[in-house]
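Examining the three-dimensional arrangement
Chain residues, written in single-letter form:
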Amino acid sequence: MDDLLQVGIISSMHGIRGEVKVFPTTDDPNRFKKLKSVLLDAGRETLELQVEQVKFFKQFVILKFKEFDNINEVEKYKGKGLFVTRENAVKLKPNEYFIADMIGMEVFTDEGRKFGILTDVLETGANDVYVVETEEQKEVLLPAIKECILNVDITGRKMEIHLMEGLV
């Protein structure tokens, strides 16, 4: 499990005073209002940046960092990820998981047969959809509903599923 969780990606600059337009990779963009700092993956180094101001524009979050005051200072970070430590991550409710913790876990059927590996989580309106690559190298989409997902063991890196009719 990674110690850092991605909350956004710098997509472009916003104005000339060092603000950046961030595409949020968190399910609740309003969480940026509570963040005091973020970690910027600058390639060879990780920079801790203090959040000075948060605004919203369409699906983006506009951030101003104390460390930058003009566009030239931040332009080189376009496309870079913004992260938080697990201590600064949102608190999860029961039966909620960080996607980063789920990717790569083994998936087993309720009959004990290995079904495949969880490769992605698609966030849809109604419920998430788990993408599993089967042992036969096929991709299967599983709805994240209690009738299909029986157990998720984050520490053991295993998921138990019930294959509902029509899914395979």
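Residues numbered from 1 in each chain as written. Predicted model: local features only at pLDDT ≥ 70, side-chain atom pairs only at ≥ 80, totals over all residues. Heavy atoms only, no water.

Details of the pairing of strand E12 (residues 158–161)
Burial along E12 is one-sided: Met159 and Ile161 are buried, while Lys158 and Glu160, pointing the other way, are not. Of the pairings in the sheet, the one linking strand E7 (residues 106–109) to E12 comprises four bridges and is parallel in character. Bridge pairing in E12 links threonine 109 to isoleucine 161. Examined bridge by bridge, strand E11 (residues 149–153) and E12 share four bridges and lie antiparallel to one another. Its bridge partner lying in E12, aspartate 153 is registered against lysine 158. Hairpin connection between E11 and E12: a loop of four residues separates the two successive antiparallel strands, and arginine 157 in this loop has a positive phi of roughly 60°. (Buried < 20%, exposed > 50% of the residue type's maximum accessible area, 1.4 Å probe, protein only. Helix = DSSP H or I, 4+ residues; strand = E, 2+ residues; numbered from the N terminus. Pairing = 2+ DSSP bridges.)

Here we look at the sheet that holds E11
Reading across from one edge, E10-E9-E8-E7-E12-E11 is the order of the six strands in this open sheet, with mixed pairing throughout. Only two strands of the sheet have a single partner each, and these edge strands are strand E10 (139–143) and E11. Direction aside, the axes of adjacent strands within the sheet are offset by 35° on average. For E7 and strand E8 (residues 114–122), the ladder comprises three bridges, and the chain directions are antiparallel. Paired with valine 107 across the bridge in E8 is glycine 116. (Axes fitted to C-alpha atoms, helices over the stretch in contact; angles between N-to-C directions.)

A word on a negative patch on the surface
Taken together, the side chains of Asp27, Asp28, Glu96 and Glu123 make up a negatively charged region of the molecular surface. Mapping aspartate 28 onto the fold places it in the loop between strand E2 (19–24) and strand E3 (37–41). For aspartate 28, a relative accessible area of 36% corresponds to the partly exposed category. (Patch = residues over 30% accessible without salt bridge, like charges linked within 9 Å, V, L, I, M, F, W, Y side chains within 5 Å. Areas by Shrake-Rupley, 256 points an atom, 1.4 Å probe, with all protein chains shown as cover. Salt bridge = Lys/Arg side-chain N within 4 Å of Asp/Glu carboxyl O. Lys, Arg positive; Asp, Glu negative; His and termini not counted. Charge placed at Lys NZ, Arg CZ, Asp CG, Glu CD.)

Considerations on the pattern of salt bridges
Per the counting criterion, the structure on display carries six salt bridges. Between lysine 114 and glutamate 135 there is a salt bridge, and its shortest N-O distance comes to 3.9 Å. Highlighted residues: lysine 114 in strand E8 and glutamate 135 in the loop between strand E9 (129–134) and E10, separated in sequence by 21 residues. Among the ionic contacts, a cluster of salt bridges with common partners joins Glu52, Lys64 and Asp69.

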